[in-house]
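# Structural characterization, general
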Amino acid sequence: MSSLTLTLIKGAIALNFALVVAAALVYLERRISAWIQYRIGPNRVGPFGLLQPLADVLKLYTKEDIVPYNANKAFHRLAPIISIAVALAVLCVITPASYILLEDGTKLFIAVAPNVNVGFLLILALTSIGVYGITLAGWSSNNKYSLLGGLRSSAQMISYELAMGLAAVAVLMLSESLDMYQIIASQANGRWNIFFQPIGFLIFLVASFAETNRAPFDLPEAEPELVGGYHTEYSGMKFGLFYLAEYANMFTASAVMTTLYLGGYDVPFLPSLLGLQEGTLARVLFELAIFFGKVSVLLFLFIWVRWTLPRFRYDQLMNLGWRVLLPLGLANIIITGAIVFFVR
Amino acid sequence: MNVTTNTRAQRMSFWEKLYLPEIAKGLALTFKTMFKPKLTRQYPEERWEPLGSYRGRPVLVLEEEGERCVACGLCSRVCPALAIEVQAGETEREKERYPVKFEINMLRCIYCGLCEEVCPEEAIVMSKDYDIVFHSQEEAIFGKDKLLVPIARLQERLEFLRQYK
Ligand code: SF4
Ligand code: SF4
């Protein structure tokens, strides 16, 4: 099998997996929010309401697609595509498990694009493109609420991307590599970065909430003041794409955090206790389970926080981004740098 | 003038200003809530049984020998939404008059209960029906077939009326 077909197959699996996860997240979000509010949530479609996302998608597909008369049609159509494409593209460098050792001695890496030496930079770059989706959606709709939502989101994303990058720099100093595989390898045997970088993790977490436009930072779509924000003028499956992109973004953000701070697919001692050799299929399955277990914990945190905290005010948001997270991130880099310099 | 001294923000302690402990408290609260008993009623299966004081859709009282209504037209006259139409006819029975046609347009009815209040015969009362559904405007006009309800099923409301009206 040529490496191209192999990559395409892995990519197709990753894409479909992410979309299914996004759909499942919509269901979980509704269920967990219901539990937090003394309700039960969707429980009618299929067993436990598990088929609810399917029904939702079906509904979205049969809806009329309304485009405002004065909208910029091309960009109006392009915006949701950018949003979802970027959210899914990040998956290519995510490394959910190590590799399988084939009989002829070559390693079959599980990541879609393994050993990209600028892996993490790629993620930062791609997520920044995500802003275009939202900003274009706001601008092309020719609606002031959409425009304000789009503007807010670009301001927010740029502010928080900075803090996010700074937090990540400290991690990269420890791992001395941008390759996702190396980053995970540097945290092997429980030397997870979250223990060395608690503040960095916190900054990254908060910035991730802001990057994915999730509460308490969901200002771009603040319903009471902006009607629906950037997606006010979207209907049918175009709206559905934005919706899906939000959850796909949550998924990738959780995967990135797992890689950077929670040791990726690493658990200390367990693999050797179970006698799982590196490079075997069993080991890879085990690693996948660990990785997605950690990701699920973070995803639950995303949903949990959304239904707990109220939305930030816009000035508070900017305050937090520029006057708290940014200096903290800088201090974190300096301290980490000093320790790395003197200890090593 | 804006008061800028001794504001709530200034009175917060250091830990409160850090937000994080407070956020943790909030998260703990919502986490506990997740496992509390739910308040949801599973509607079509689990139905709510209203009390006698509930004003559901207006119905006509049906006795053994027929409806109580004497077609005086007062209810139709008083109805603020002009929802009732009554046509009177003569009958052999003691009450002499009866409604040939009695229709309530349920799209117009606002469940005010004035028809019930004005009726001299206690012939129209508010029932406990609250899920009233129809698929067309014609269907929304309830004739005598749908309005007549045996008196046995309206006892609670009649008792309530006797006590409080
Ligand atoms: S309840 Fe009110 S609105 Fe309805 S029929 Fe009686 S008087 Fe008219
Ligand atoms: S329901 Fe009562 S008020 Fe209305 S016409 Fe009959 S007797 Fe008169």
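None of these values were measured; they are calculated from a predicted model. (Residues numbered from 1 in each chain as written. Chains lettered and ligands numbered in written order. Predicted model: local features only at pLDDT ≥ 70, side-chain atom pairs only at ≥ 80, totals over all residues. Heavy atoms only, no water.)

## Focus on the overall build of chain A
Looking only at helices and strands, chain A has 13 helices and two strands in total. If you line up chain A on its principal axes, its C-alpha atoms span 60 × 45 × 45 Å. The burial tally for chain A puts 52% of its 344 residues in the buried class. If you take every contact in chain A between residues at least 6 apart in sequence, the share linking residues at least 24 apart comes to 79%. Carbon and sulfur atoms make up 70% of the accessible area of chain A, which amounts to about 16000 Å² in all. Put simply, chain A has 22 plus and 20 minus side-chain charges, and the middle of one group is 6 Å from the middle of the other. (Helix = DSSP H or I, 4+ residues; strand = E, 2+ residues; numbered from the N terminus. Buried < 20%, exposed > 50% of the residue type's maximum accessible area, 1.4 Å probe, protein only. Contact = heavy atoms within 4.5 Å. Areas by Shrake-Rupley, 256 points an atom, 1.4 Å probe, with all protein chains shown as cover. Lys, Arg positive; Asp, Glu negative; His and termini not counted. Charge placed at Lys NZ, Arg CZ, Asp CG, Glu CD.)

## Digging into the packing of helix H3 (residues 73-89) of chain A against helix H10 (residues 236-261) of chain A
All names here are of chain A. Two elements in contact, H3 and H10, have axes whose closest approach is 8 Å; the angle formed by their N-to-C orientations is 20°. One finds that H3 runs roughly parallel with respect to H10. Note on packing geometry: the crossing formed by H3 with H10 is left-handed. When H3 is examined against H10, the residues His-76, Arg-77, Ala-79, Pro-80, Ser-83, Ile-84, Ala-87 and Leu-88 are found in contact with a partner set consisting of Lys-238, Leu-241, Phe-242, Leu-244, Ala-245, Ala-248, Asn-249 and Thr-252. (Axes fitted to C-alpha atoms, helices over the stretch in contact; angles between N-to-C directions. Parallel < 35°, antiparallel > 145°, perpendicular 65-115°, else oblique. Left-handed = near helix turned anticlockwise from the far one by under 90°.)

## Focus on the sheet that holds strand S3 (residues 84-90) of chain B
Spatial strand order, S3-S4-S6 (chain B): three strands in an open sheet with antiparallel pairing. Only two strands of the sheet have a single partner each, and these edge strands are S3 and strand S6 (141-142) of chain B. (Pairing = 2+ DSSP bridges.)

## Focus on a negative patch on the surface
Where like charges cluster on the molecular surface, the negative patch consists of Glu90(B), Glu92(B), Glu94(B) and Glu96(B). A relative accessible area of 55% means that Glu96(B) is categorised as exposed. (Patch = residues over 30% accessible without salt bridge, like charges linked within 9 Å, V, L, I, M, F, W, Y side chains within 5 Å. Salt bridge = Lys/Arg side-chain N within 4 Å of Asp/Glu carboxyl O.)

## Side note on the site of ligand 2
Every residue lining ligand 2 is accounted for by Cys69(B), Val70(B), Ala71(B), Cys72(B), Gly73(B), Leu74(B), Cys75(B), Phe102(B), Cys119(B), Pro120(B) and Ile124(B). Its residues assigned to classes, the shell around ligand 2 comprises 10 nonpolar, one polar and no charged. (Near = heavy atom within 4 Å. Nonpolar A, V, L, I, M, F, W, Y, C, P; charged D, E, K, R; others polar.)

## A look at the pairing of strand S1 (residues 58-63) of chain B
All names here are of chain B. Bridging between S1 and strand S5 (residues 124-126) involves three bridges; their strand directions are antiparallel. Looking at the pairing, Leu-60 lines up with Ile-124 of S5. The sheet contact formed by S1 and strand S2 (residues 66-67) spans two bridges and is antiparallel. The partner of Leu-62 across the bridge, within S2, is Glu-67. Hairpin geometry of S1 and S2 is characterised by an intervening segment of two residues between the two adjacent antiparallel strands.

## Focus on the interface of chain A and chain B
Every contact between the two is made by 15 residues of chain A and, on the other side, 18 residues of chain B. Summing both partners gives a buried area of about 1500 Å² for chain A against chain B, and 71% of it is carried by carbon and sulfur. On inspection of chain A and its partner chain B, the count reaches one salt bridge. Of the charged contacts, one joins Arg44(A) and Glu45(B) as a salt bridge, the two residues approaching to 3.0 Å between their closest N and O atoms. Put simply, chain A and chain B have seven residue pairs in polar contact (both at pLDDT 80 or more) between them. Elements represented by at least two residues in the side of chain A that touches chain B include exactly helix H1 (3-36) and helix H12 (281-306) of chain A. Split by residue class, the side of chain A that touches chain B holds 11 nonpolar, two polar and two charged. (Buried area = accessible area lost by both parts, 1.4 Å probe. Polar contact = N/O pair within 3.5 Å; in protein donor to acceptor, adjacent residues only side chain to side chain.)

## Details of the side chain of Ser140(A)
Residues and elements named next belong to chain A. Note that Ser-140 resides in helix H4 (residues 119-140). Exposure remark for Ser-140: the relative accessible area of 1% places this residue in the buried category. From its side chain, Ser-140 meets the backbone nitrogen of His-76 in a polar contact 3.4 Å long. In contact with Ser-140, other than residues within four places in its own chain, are Ala-71, Asn-72, Phe-75, His-76 and Tyr-234.

## A few points about the confidence of the model for chain B
Residue and element names in this part refer to chain B. Per-residue confidence for chain B averages 86 on the pLDDT scale, and 98% of its residues sit at or above 70. Helix H4 (residues 74-78) holds the highest mean pLDDT among the elements of chain B, 92, whereas helix H1 (residues 8-11) holds the lowest, 71. For this predicted complex, the interface confidence comes out at an ipTM of 0.73, alongside a pTM of 0.79. (pLDDT = per-residue confidence, 0-100.)

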